[in-house]
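# Examination of the molecular architecture
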Amino acid sequence: MTVHDKIALTADDLQGDISRHLKLSIGKDASHASLHDWRMALSLALRDRVVEPWFASTRKTYDGKHKRVYYLSMEFLIGRLIEDVTINLQVEDMAVEAMKALGQDYYEVVKEEPDAALGNGGLGRLAACFMDSLATLAIPAYGYGIRYEHGLFEQHFENGQQTETAEGWLAQSHVWEFERPEVAYKIHFGGYVSEENGKANWNPSETVLASAYDTPVVGWQAKWANTLRLWAAKPIKLFDLESFNRGDYVGANAPERLARTISRVLYPDDTTTEGKELRLKQEYFFTSASIKDLLRRHDYEGYDIRDLHDHVAIQLNDTHPAIAGPELIRLLVDKHDFSFDEAIDMARKCLGYTNHTLLPEALEKWPADLFARILPRHYRIIEIIQDRHIAATGSDIRIIEHGNVKMGELAFIMAHSVNGVSALHSDLVKETVFHDLNAAYPNRILNQTNGITPRRWLYSCNPALRGLITDTIGTGWESDLERLTDLNAHLDDASFQEAYRAAKSTNKDRLAAWLQERSDVTLDTSAMFDIQIKRIHEYKRQHLNILETIALWNDIRDNPNGNWTPRVKIFGGKAAPGYALAKSIIRLINDVAATINNDPITREFLQVVYPENYNVSMAEILIPASDLSEQISTAGKEASGTGNMKLSLNGSPTIGTLDGANVEIREHVGAENFFLFGLTAAEATEKRKDHGYSRRAIESSPKLSRVLGQIAGGVFSNGDHHRYSDILHNLYEHDYFLVSCDFDNYFAKQREVDAVYQDVTRWTRMAAANTAGMGWFSSDRTIRGYADDIWGAKSVE
Ligand SMILES: *Cc1c(COP(=O)(O)O)cnc(C)c1O
């Protein structure tokens, strides 16, 4: 049975459904419908076809008594959904045809959909890829998160500087979701704990409702569909009529305003934690609702609460939902008569924790007094967890220490499995942040190297390469990505190479047309497209890239008749609004772009562009068009990276450090197809002991000294000598991220890249070898790893 039989669909059916929804659901006549109306109608017609597989999956899970996976994540960086669904249902051609018959351009309609940007970057995008793979593998699963009213802010540049405005994806209705007003839980905060008949009784001072919204997530070829359940905060009392009657109209709305604040906005910072009360409330809000929901389902199905671990696996995506441990213990002890030991044991059997960072400033901790005020019962439970942990292991690691509640330690102690997200990162987790806990709980730390869904990050975003792959090795690779190794037999085949270049060229033209339309910038598509797209952070070292750009500009100016390889350097990424140095780096990139792009001497060799507001949709245009992937983080600081995987899969070799998943990418695509440079993680640690290293590195590098001198001299800031004193001061005096130490090595490696790029055959082979070698990085492989090693969950097939 084909997927089309299964969902009973022809282009005519789809066209009929779209027309019917336009009229009956949207209330518009075709002659007056806007692009937005057409998009709504198309989405609803597609959604209809997801419902059957969705119901069938729920039924099979229930009937087969299958274990369910609950993936708790503060962020889901989803992007647009129309193409996700048409691709997984395999109805893209039909949708194009149906829209055409209705006088509409499918691709224009698709572009009208706003990104669901409920995440900051890699961590949230990982959760979205995992949802796709869980459905593709037919593993019964729920994603649980927050239905933020405002996703990640929109980024603008004013005079080269980042400004932010609120994002508003829910200003229009989100057609993919189903509201579930009957699924609502009371979530409490504050108050005090009393004792009645030897039982603790939490008397909270504040209560909000967590109300469910479900989005079906359909897998490849509609074999299975899971649910993404997002919680919205609502008041238990909608409106204060008493205040209204007194004439206090503002006060009358107070309960609603207060409650809704909790799911109002995504925190826009993924690398520091601020210890803000609202953030703690958000974390408890969605975690508590999710735990209550899964317990209700367990009970509804008639299972014994003592068998919870046989039916439930809960995965914590970072520490944001780490309160799940204490919350589950609270409910088991206070409502289900478990002893503390029994409850701790049960919670641990259910919980897994994924660590995403070693950066100390990103490890969540809460002031103990704030925590105890917001969650008094949980605070007491954490003290008990800590006591039992110390008694059982003799460890001197505490969860509550120096007036803080440390969420990493809590998550670790409460999980039966803790995993890092790349081989190097998992090793460093054992050696550094959780060194002592690893000794107290040997074998608890595992590795599950991240992955990306090939449906979105190749099949959907790169139709040109998709077609070539299928023509060359047939179908089947979409859900068995390691089959891409079959391409290896064709790497030296001249006609394959030519077709590979043609696909890349199509994608570069598409990017150029997009940029022309968006910002009236013209790109030289014969130049190398050198791309660095990711959040702006010191450890990711966009400043290393822009300093190298300036040095290259100097060299070209010194020798304009040299054999230069034309490059377009493309940057994309947002800085957290409060991260001053990251914002300076953005401004520097824009200032350098303005100077270099207007230089008639270098113009034909070097161009710098930085389109504003990088998001998933932009990534889908940039990645297929990339020739060179910049993955230049300070070794030991990038946990895995997934942007590196997307780019390499799409035929863009990496220039990178031995960091995160770069290490494994290099192993899989072959060292000869990867441009390695820089200090290793161990060398970086050694280097930092070497007092005055940055000043020495700068002084011994004529190129770097010259570049820093130009910045200080105001070459890129209209003569303003102070605009970049923060960056310069940092580089000379601290340079914790070792930009100065890696500079010369990076510059030299870039010149090697230039030389190889001029050898078209060699470069094409390298790019195609990247595609061929990246199959292992499918998130399907990652999810199989979690299912086997951590969840004990099975595919229902
Ligand atoms: C993949 C992705 C990321 C993660 O990129 P890294 O290079 O791994 O940091 C961030 N943002 C978006 C929009 C992505 O698609």
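Keep in mind it's a predicted model, so treat the numbers as computed, not measured. (Residues numbered from 1 in each chain as written. Predicted model: local features only at pLDDT ≥ 70, side-chain atom pairs only at ≥ 80, totals over all residues. Heavy atoms only, no water.)

With that settled, consider empty space enclosed by the protein. The final tally for this structure, using the stated rule, is 8 cavities of 30 Å³ or more. Its boundaries defined by the atoms lining it, the second largest cavity holds a volume of some 210 Å³. Lining the second largest cavity are 16 residues, and of these Ile-78, Leu-81, Asp-84, Ala-128 and Val-217 sit closest to its centre. If you list the elements that add at least two residues to the lining of the second largest cavity, you get β2 (76–79), α4 (82–88), α7 (122–136) and β10 (206–218). Looking at side-chain class alone, the lining of the second largest cavity contains 10 nonpolar, 2 polar and 4 charged residues. (1 Å grid on protein atoms, 1.4 Å probe; cavity = no way out; pocket = protein on both sides within 12 Å on 5 of 7 lines; lining within 4 Å. Points joined across faces, edges and corners; volume = space filled by probe spheres on them. Helix = DSSP H or I, 4+ residues; strand = E, 2+ residues; numbered from the N terminus. Nonpolar A, V, L, I, M, F, W, Y, C, P; charged D, E, K, R; others polar.)

This next bit is on the packing of aromatic side chains. According to the stated counting rule, one finds 29 aromatic pairs in the structure shown. An aromatic cluster is present here, built from Tyr-70, Tyr-142, Tyr-144, Tyr-185 and Trp-231 joined pairwise through their rings. Across the ring face of Trp-776, the terminal group of Arg-781 is positioned such that the distance to the ring centre comes to 3.6 Å. (Phe/Tyr/Trp six-rings, centres within 6.5 Å; stacked < 30°, edge-to-face > 60°. Lys NZ or Arg CZ within 6 Å of the ring centre and 35° of its normal.)

All right, on to the sheet that holds strand β14 (residues 365–367) then. On the basis of which strands lie adjacent, the open sheet formed by 3 strands has the order β14-β16-β15 and antiparallel pairing. Because the sheet does not close on itself, it has two edges, and the strands there are β14 and β15 (400–401). Two strands pair when backbone bridges link them, and β14 and strand β16 (residues 404–406) are joined in this way by 3 bridges, in the antiparallel orientation. Among the inter-strand pairings, Trp-366 is bridged to a residue of β16, identified as Val-405. (Pairing = 2+ DSSP bridges.)

If you trace the backbone, Pro-204 turns up in the loop between β9 (199–203) and β10. For Pro-204, a relative accessible area of 30% puts it in the partly exposed group. Sequence separation between Pro-204 and Lys-794 is 590 residues, and the spatial gap between their C-alpha atoms is 40 Å. (Buried < 20%, exposed > 50% of the residue type's maximum accessible area, 1.4 Å probe, protein only.)

The next point concerns the side chain of Lys-406. Relative to the helices and strands, Lys-406 resides in strand β16. Using a relative accessible area of 16% as the deciding quantity, one classes Lys-406 as buried. Engagement of the side chain of Lys-406 in a polar contact is seen with the backbone oxygen of Arg-398, the distance being 3.5 Å. In contact with Lys-406, other than residues within four places in its own chain, are Glu-364, Lys-365, Arg-398, Ile-399 and Glu-401. (Polar contact = N/O pair within 3.5 Å; in protein donor to acceptor, adjacent residues only side chain to side chain. Contact = heavy atoms within 4.5 Å.)

A few words on the domain arrangement of the protein. According to the domain assignment, the protein contains domain 1 (65–80 + 115–448) and domain 2 (454–678 + 745–778). Relative to domain 2, the C-alpha centre of domain 1 lies at a distance of 35 Å. Of the residues lining the interface, 40 residues belong to domain 1; the matching set on domain 2 comes to 38 residues. Regarding the contact of domain 1 and domain 2, the summed buried area is about 3100 Å², with carbon and sulfur atoms giving 54% of it. Its largest share of buried area at the contact with domain 2, domain 1 owes to Gln-155, Phe-157 and Trp-220, together 21% of the area lost on that side. Seen at the junction of domain 1 and domain 2, the total is 2 salt bridges. One salt bridge in this structure joins Asp-132 and Arg-455, with 2.9 Å as the shortest N-O distance. Between the two partners, domain 1 and domain 2, sit 20 residue pairs in polar contact (both at pLDDT 80 or more). When residues of the side of domain 1 that touches domain 2 are traced back to their parent elements, those giving at least two are β2, α7, β5 (154–158), β6 (161–165) and α18 (423–431). (Domains from an automatic or database assignment. Buried area = accessible area lost by both parts, 1.4 Å probe. Salt bridge = Lys/Arg side-chain N within 4 Å of Asp/Glu carboxyl O.)

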